[in-house]
Every structure is written in C-alpha cells, then in structure tokens.
Amino acid sequence: MTDHVNILKTEILSDNWYVLKKITYEYTKKDGSIQVQNREAYDRGNGATILLYNKELQTVILTRQFRLPTFINGNESGMLIEACAGLLDKDNPEDCIRRETEEETGYKITDVRKVFEAYMSPGSVTEILYFFVAEYHHSMKVHDGGGIEHEQENIEVLELPVIKAMEMIRTGEIKDGKTIMLLQYIKLQNLL
C-alpha cells in the first residue's frame, strides 16, 4: 500500500457470484488533510481477451452472447458482440486465452501476442484485463465453439470482414469496450 491510503475496515456485502466488498479507508490529500471515505469494489478476478484476425481474408473472429447487465441497462435483446474473453481462473493470461479461444470459438491457437493490459472499470471493479491478438486460419478450427455447457454459455461465433466490424462500431452494433479497443489496435498497428 501507499502511505496516503490506510484501510480501516472491509465488509463483504455479497459473496454470491463474485465478491462485493465495502471498504472504509483514510485518504491523505495533497494538503495533508485526512478524509475517511467508503467505496464498494466488485472483485471478479482478472481476465484476458483476444482478437483473432486473418490477414489473407481480412477478417476477424468475434462472438455474440446474451449479457444480462446490458439488457437491464437498455440493450433490448441483451445480445452483445464481443472479442473472445474469459476469467483467468488461476491460469496465467496466455494459457487462459488459449483455453477460452478454443472453448468459445473452436479455434486452437498457439501463437498469441500480448498487446497491453487495462483496468476496464476502475471506479468499481478490481479486474485487470490482459489483451491479446493472434492470427487464425481455418485449418486451426477444431470444433464449432460456442462455449461450455456447464458454464451455461451459449455463444455464437462470428467471422466478419474487418471493414464491417469497424463500421459496426460506428453504427452502435458493437458497443463492447474491449472489442472496440482491440479492433482499433489492429487498425492502428496495420495488422489488417
């Protein structure tokens, strides 16, 4: 910890799906005065995400699935188009993203490249997300994908021209932050 934060109390508000904590702490401001603050932090673990791209076809692999939080916040269908992603579950980020890629998309990839990491909602969620890219070819397809039944995943795999995916950001068909960041990354780096 730093010398300007002193945690006074941690309460568990929920330990159902993940852990929601209420933290009471002292925060020393620049002028030396001390404020007592309360914040809630949702701890769901860290995650990894990947964008698969094919240079020859100029395509990307994305997924579509139901996301309850988007549904209760105005997404009429609750369906969200996203880059493949998952929680680390005690794996290192590279092993996690290889596993998640195969489970969700059906592609068995080996050569992944980490491009950056980011806090996605630092005001309330503890998660760090590790971002990856990898080339794919149809020869890497080992099954149809779709996720794991016992995890109640029902994932549709989408192969889209990168030009269409970029247009879908503009039209609002793609609203997922991690997906937008990865699509912009591959364009900025001239990967496609």
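As a reminder, the structure under discussion sits directly above these lines.
A brief look at the structure comes next. Since the model is a prediction, treat every value here as computed from it, not as a measurement. (Residues numbered from 1 in each chain as written. Predicted model: local features only at pLDDT ≥ 70, side-chain atom pairs only at ≥ 80, totals over all residues. Heavy atoms only, no water.)

1. Some thoughts on the packing of aromatic side chains
Aromatic ring pairs: the centre-centre distance and the angle between the two ring planes describe each pair. Following the criterion strictly, the structure yields six aromatic pairs and no others. Between Phe66 and Phe71, the aromatic rings sit 5.9 Å apart at their centres with planes inclined by 50°, giving tilted as the arrangement. For Phe71, a relative accessible area of 40% translates into the label partly exposed. Consider the rings of Tyr107 and Tyr136, whose centres lie 5.1 Å apart with planes at 65°: the pair is edge-to-face. Within this pair, whereas Tyr107 is found in the loop between helix H2 (93–105) and strand E8 (113–119), its partner Tyr136 is found in the loop between strand E9 (128–135) and strand E10 (156–161), the two being separated by 29 residues in sequence. Across the pair, exposure class does not vary: Tyr107 and Tyr136 are buried alike. A cation over an aromatic ring shows up here: Arg44 above the ring of Tyr18, its NZ or CZ 5.4 Å from the ring centre. (Phe/Tyr/Trp six-rings, centres within 6.5 Å; stacked < 30°, edge-to-face > 60°. Buried < 20%, exposed > 50% of the residue type's maximum accessible area, 1.4 Å probe, protein only. Helix = DSSP H or I, 4+ residues; strand = E, 2+ residues; numbered from the N terminus. Lys NZ or Arg CZ within 6 Å of the ring centre and 35° of its normal.)

2. Describing helix H3 (residues 162–171)
Taken together, the buried positions of H3 are Val162, Ala165, Met168 and Ile169. One face of H3 carries all of its buried residues, which in axial projection span an arc of 110°. Seen from the open side of H3, the exposed residues pointing more than 90 degrees away from its buried face are Ile163 and Arg170. Residues of H3 that are buried in the fold lie against strand E5 (59–66), strand E6 (79–82), E10 and helix H4 (177–188). Gly172 sits one or two positions beyond H3 and adopts a positive phi of about 90°. (Arc of directions from axis to C-beta. Contact = heavy atoms within 4.5 Å.)

3. Points about the environment of Glu82
Mapped onto the fold, Glu82 is located in strand E6. Separated by 32 residues in the primary sequence, Glu82 and Ile50 place their C-alpha atoms 9.7 Å from one another. Filtering out sequence-adjacent residues up to four positions away, Glu82 remains in contact with Leu62, Thr63, Gln65, Arg67, Asp176, Lys178 and Thr179. A distance of 2.7 Å separates polar atoms of two side chains, one belonging to Glu82 and the other to Arg67. (Polar contact = N/O pair within 3.5 Å; in protein donor to acceptor, adjacent residues only side chain to side chain.)

4. Here we look at the state of the cysteines
One pass over the structure, following the stated rule, counts zero disulfides. Left without a disulfide partner, Cys84 is nearest to the cysteine sulfur of Cys96, which lies 8.4 Å away. Residue Cys96 is classed as buried on the basis of its relative accessible area, which comes to 0%. (Disulfide = S-S within 2.5 Å.)

5. Re unusual backbone geometry
One non-glycine residue, Gln58, adopts positive backbone phi at about 60°. Looking at the secondary structure, you find Gln58 in the loop between strand E4 (47–54) and E5. Of note, Asp89 is a non-glycine position whose phi angle comes to about 50°, a positive value. Note that Asp89 resides in the loop between strand E7 (84–87) and H2. We classify Asp89 as exposed; its relative accessible area is 52%.

6. Observations regarding the layout of surface pockets
The volume enclosed by the largest pocket comes to roughly 1,500 Å³. Around the largest pocket sit 36 residues that line it, and Tyr18, Arg44, Arg67, Pro69 and Glu82 are the ones nearest its centre. Counting residues per element, the ones that place at least two in the lining of the largest pocket are E4, E5, helix H1 (68–71), E6, E7, H2 and H4. Class assignment of the residues belonging to the lining of the largest pocket gives a composition of 15 nonpolar, nine polar and 12 charged. (1 Å grid on protein atoms, 1.4 Å probe; cavity = no way out; pocket = protein on both sides within 12 Å on 5 of 7 lines; lining within 4 Å. Points joined across faces, edges and corners; volume = space filled by probe spheres on them. Nonpolar A, V, L, I, M, F, W, Y, C, P; charged D, E, K, R; others polar.)

7. A closer look at the sheet that holds strand E2 (residues 19–28)
Strand order in the open sheet formed by three strands is E1-E2-E3, with antiparallel pairing between adjacent strands. Bordering the open sheet on either side are strand E1 (5–14) and strand E3 (34–43), each of which pairs with just one other strand. Sheet twist, expressed as the mean angle between neighbouring strand axes with direction ignored, is 20°. Across 10 bridges, the pairing between E2 and E3 is antiparallel. (Pairing = 2+ DSSP bridges. Axes fitted to C-alpha atoms, helices over the stretch in contact; angles between N-to-C directions.)

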